[in-house]
Amino acid sequence: VQLQASGGGLVQAGGSLRLSCGASGSINSIRDMGWYRQAPGKQRELVGTITSSGNTNYADSVKGRFTISRDNAKNTMYLQMDSLKPEDTAVYYCNAAVIDRTWRIGDYWGQGTQVTVSS
């Protein structure tokens, strides 16, 4: 099983970006998925999560600005980021709890995608 994050880039403050995280491989189903981020010199922090049924939770710092969604048929999760601020600058990672076709559950991480917000 592999996760591939994409969609990062450079954007001005107030702008928007949409990240994607696609899962591939021997997948039976995907449970919770989430986005995390790590800014330079800081610990990795949770941005938000989404369950297989679409229930979401967000960090206070992004509530009202970021939206997580998923397409279960495509094994893909999205992070729509609006009203971006310079403090949102970080490497964004996706995470997923995946049940593979041998019915084992594993925790997987994407490789990270850089988001830079200029002031």
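Going by the structure above, here's the rest.
Analysis parameters
- Residues numbered from 1 in each chain as written.
- Predicted model: local features only at pLDDT ≥ 70, side-chain atom pairs only at ≥ 80, totals over all residues.
- Heavy atoms only, no water.
- Phe/Tyr/Trp six-rings, centres within 6.5 Å; stacked < 30°, edge-to-face > 60°.
- Lys NZ or Arg CZ within 6 Å of the ring centre and 35° of its normal.
- Core = buried A, V, L, I, M, F, W, Y, C linked by side-chain atoms within 4.5 Å.
- Buried < 20%, exposed > 50% of the residue type's maximum accessible area, 1.4 Å probe, protein only.
- Helix = DSSP H or I, 4+ residues; strand = E, 2+ residues; numbered from the N terminus.
- Contact = heavy atoms within 4.5 Å.
- Disulfide = S-S within 2.5 Å.

Examining the packing of aromatic side chains
- In the structure shown here, the tally under the stated rule is one aromatic pair.
- Its guanidinium or amino end placed over the ring of Trp 109, Arg 44 lies 4.8 Å from that ring's centre, counting from NZ or CZ.

So, the nonpolar core
- Grouped together as the largest cluster of nonpolar side chains are 28 residues, with contacts concentrated most on Trp 35, Phe 66, Met 77, Leu 79, Met 81 and Tyr 92.
- Elements with a minimum of two residues in this core: β1 (2-6), β3 (17-24), β4 (27-38), β5 (45-50), β7 (66-71), β8 (76-81), β9 (90-100) and β11 (113-118).
- Here the element with the most residues in this core is β9; it accounts for five residues.
- When residues no more than four places from it in sequence are discounted, the contact partners of Met 77 are Leu 19, Ser 20, Cys 21, Met 33, Gly 34, Trp 35, Ile 50, Ile 68, Ser 69, Arg 70, Cys 94 and Asn 95.

Digging into the state of the cysteines
- Tallied over the full model, the rule gives one disulfide.
- Here Cys 21 connects covalently by a disulfide to Cys 94, the sulfurs 2.2 Å from one another. With the S-S dihedral at roughly 70 degrees, the linkage between Cys 21 and Cys 94 falls on the right-handed side. Taken together, the positions of Cys 21 in strand β3 and Cys 94 in strand β9 put the pair 73 residues apart, joining distant regions of the chain.
- Relative accessible area serves as the criterion here: at 0%, Cys 21 is assigned to the buried category.

Just distances and angles here, no functional claims.
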